[in-house]
Amino acid sequence: MIDATVEKQMTDSKPLQDDIAFVRAVAERSNQPRMPAIYLIWAVICLCGFTLVDLVGPESGWVGVYWSILGPIGTALTWWLSARAGQRAGQVDRRKGLRWVGHFAGFFAVGLLGLGLVLSGQMTWLGLSSLWILILALTYFLAGLHLERQLMPVSLVLAAGYLFTLYLPEYGFTTAGVLVAAALVTQAKIGGRAQNAAS
């Protein structure tokens with residue numbers, strides 16, 4: 001008798017759980033603020049930063065200086081634009097914001113740990129520059145899988161760009177930068193059209 005009662009309660013709560021899951025999924029998808037400007041910012045940063053590797057060489061301190069300055073500036077602008085868009089849409093989701101921060105902080109930490117490969121003599125600066133692009137491709141892929149689908153195509157272009165840095169002796173990084181910038185601009189346009197259609 002007790003087993004039958006427990007079983008009935010479980011079957012009664014299943015539709016309720018399904019309803020709650022459905023409502024949550026709809027709420028997460030509805031009116032997601034789109035921020036094309038973020039894609040454009042990173043398109044410019046990546047185009048210039050990747051091209052710089054070909055212009056001055058991967059071992060040049062200018063590459064490190066560039067990313068040490070433009071990386072944090074791009075991150076700060078991304079955070080500011082995201083926070084504004086979330087407030088305007090009335091969808092401030094601190095938990096999701098922290099997931100984004102943790103996601104890209106992980107990329108940055110792994111990239112810094114990669115410096116150990118060069119400092120210990122196990123990898124060249126050129127190899128590390130390519131490795132950073134490969135790690136960024138994985139970072140974008142996982143962000144596309146778990147956070148924002150628009151990043152998935154960019155991850156595939158980053159992976160192709162990584163291969164260009166390996167097998168295109170001259171201007172491999174420039175080619176990768178152009179491809180990645182084009183992918184980011186394309187996603188900005190798609191996001192802009194979606195934003196206009198929603199308003």
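The model shown is predicted, which means the values in this text are computed figures rather than measured ones. The numbering scheme is per chain: residues are counted from 1 as the chain's sequence reads. Where totals are concerned, whole chains, interfaces and linings use all residues; where local detail is concerned, this predicted model gives features only for residues with pLDDT of at least 70, and gives and counts side-chain atom pairs only at 80 or more. With hydrogens and water excluded, all non-hydrogen atoms of the structure serve as input to the side-chain values.

All right, on to a nonpolar patch on the surface then. Where nonpolar side chains cluster on the molecular surface, the patch consists of Leu 55, Val 56, Trp 62, Val 65, Ile 69, Ile 73, Leu 77, Trp 79 and Trp 80 and spans about 950 Å² of accessible area. Among the elements of the structure, α2 (36-56) and α3 (61-89) are those that each provide at least two residues to the nonpolar patch. Broken down by element, the nonpolar patch gets its largest block of residues, 7 residues, from α3. Checked against the element boundaries, Val 65 lands in helix α3. Like charges are joined within 9 Å and nonpolar side chains (Val, Leu, Ile, Met, Phe, Trp, Tyr) within 5 Å, but only among residues with over 30% relative accessible area and no salt bridge; these make up the patches. Where accessible areas are quoted, they stem from the Shrake-Rupley method and a 1.4 Å probe; at the residue level, only the protein chains shown are allowed to cover. Salt-bridge detection follows one rule: a side-chain nitrogen of Lys or Arg within 4 Å of a carboxyl oxygen of Asp or Glu. Think of it this way: any DSSP run of H or I at least four residues long counts as a helix, any run of E at least two long counts as a strand, and we number them from the N terminus.

Before going further, it helps to spend a moment on the packing of aromatic side chains. Any two of the Phe, Tyr and Trp rings considered here, Trp counted by its six-membered ring, make a pair once their centres fall within 6.5 Å; the pair's planes then place it as stacked at under 30 degrees, edge-to-face at over 60, or tilted in between. One pass over the full model with this rule turns up 5 aromatic pairs. Judged by centre distance (5.9 Å) and plane angle (85 degrees), the rings of Phe 104 and Tyr 140 are edge-to-face. Here Tyr 140 lies in helix α5 (residues 125-146) and Phe 104 lies in helix α4 (residues 94-119), a separation of 36 residues in the sequence. A network of ring pairs unites the aromatic residues Phe 50, Tyr 66 and Trp 67 as a single cluster.

It is worth spelling out the confidence of the model for the chain at this point. Across the chain, pLDDT averages 83, with 76% of residues at or above 70. The pLDDT value expresses, per residue, how confident the predictor is, ranging between 0 and 100. Highest mean pLDDT in the chain belongs to helix α6 (residues 151-167) (95); lowest belongs to helix α1 (residues 2-29) (58).

Expected helix span is computed as 1.5 Å times (number of residues minus one). Compared with the 32 Å implied by 1.5 Å per residue over 22 residues, the 31 Å span of α5 between its first and last C-alpha is a close match. When α5 is considered as a whole, its buried residues turn out to be Leu 128, Ser 129, Ser 130, Ile 133, Ile 135, Leu 136, Ala 137, Thr 139, Tyr 140, Ala 143 and Gly 144. The cut-offs for exposure are 20% and 50% of the maximum accessible area for each residue type, with area from a 1.4 Å probe on protein chains only; residues under the lower value are buried, those over the upper are exposed, and the others partly exposed.

For the rest of this paragraph, the subject is unusual backbone geometry. We note that Tyr 171 has phi near 65 degrees; this positive angle belongs to a residue other than glycine. With respect to the secondary-structure elements, Tyr 171 resides in the loop between α6 and α7 (172-198). Accessibility expressed as a relative area gives 52% for Tyr 171, which makes it exposed.

Attention now moves to the packing of α4 against α5. Lines are fitted to the C-alpha atoms to define the axes, a helix being fitted only along its stretch in contact, and any angle between axes, read from their N-to-C directions, falls within 0 to 180 degrees. For the pair α4 and α5, interaxial distance at closest approach is 10 Å and the crossing angle is 160 degrees. By the criterion of interaxial angle, the relationship of α4 to α5 is roughly antiparallel. Both α4 and α5 take part in a crossing whose hand is right-handed. Judged by residue contacts, Trp 100, His 103, Phe 104, Phe 107, Phe 108, Val 110, Gly 111, Leu 112, Gly 114, Leu 115, Leu 117 and Val 118 of α4 engage Trp 125, Leu 128, Leu 131, Trp 132, Ile 135, Leu 136, Thr 139, Tyr 140, Leu 142 and Ala 143 from α5. By the definition adopted for this analysis, an angle is roughly parallel if under 35 degrees, roughly antiparallel if over 145, roughly perpendicular if from 65 to 115, and oblique otherwise. Left-handed is the label given to a crossing in which the near helix is rotated counterclockwise from the far helix by less than a right angle, and right-handed is the label when the rotation is clockwise. We call two residues in contact whenever any of their non-hydrogen atoms come within 4.5 Å of each other.

Glancing now at the side chain of Ser 155. Considering the arrangement of structural elements, one finds Ser 155 in helix α6. Using a relative accessible area of 3% as the deciding quantity, one classes Ser 155 as buried. Leaving out residues up to four positions away in the same chain, Ser 155 has contacts with Ala 137, Tyr 140 and Phe 141.

Let's shift gears to α4. Here α4 is 26 residues long and its end C-alpha atoms lie 38 Å apart, about the 38 Å a rise of 1.5 Å per residue gives. Restricting attention to buried positions, one finds in α4 the residues Lys 96, His 103, Phe 107, Gly 111, Gly 114 and Val 118. Lining the buried residues of α4 we find α5. The positive-phi residue at the C-terminal boundary of α4 is Gly 121, with phi of around 80 degrees.

The next subject is the nonpolar core. Note on terminology: a nonpolar core comprises buried Ala, Val, Leu, Ile, Met, Phe, Trp, Tyr and Cys residues joined through side-chain atoms within 4.5 Å. Ranked by size, the top nonpolar core spans 31 residues in total, and within it Phe 50, Ile 133, Tyr 140, Val 154, Leu 158, Val 180 and Leu 184 carry the most contacts. At the level of secondary structure, the elements contributing two or more residues to this core comprise α2, α3, α5, α6 and α7. In terms of residue count, the dominant contributor to this core is α2 (9 residues). When sequence neighbours within four positions are dropped, the list of residues in contact with Leu 184 reads Tyr 39, Trp 42, Ala 43, Tyr 140 and Val 154.

α6 packs onto α5 with a crossing angle of 165 degrees between their chain directions and a minimal axis gap of 7 Å. One element, α5, and the other, α6, form an angle in the roughly antiparallel class. Every pair of crossing elements has a handedness; the one defined by α5 and α6 is left-handed. Together, Ser 130, Ile 133, Leu 134, Leu 136, Ala 137, Tyr 140, Phe 141, Ala 143, Gly 144 and Leu 145 of α5 and Leu 151, Met 152, Val 154, Ser 155, Leu 158, Ala 159, Gly 161, Tyr 162, Thr 165 and Leu 166 of α6 make up the contact between the two elements.

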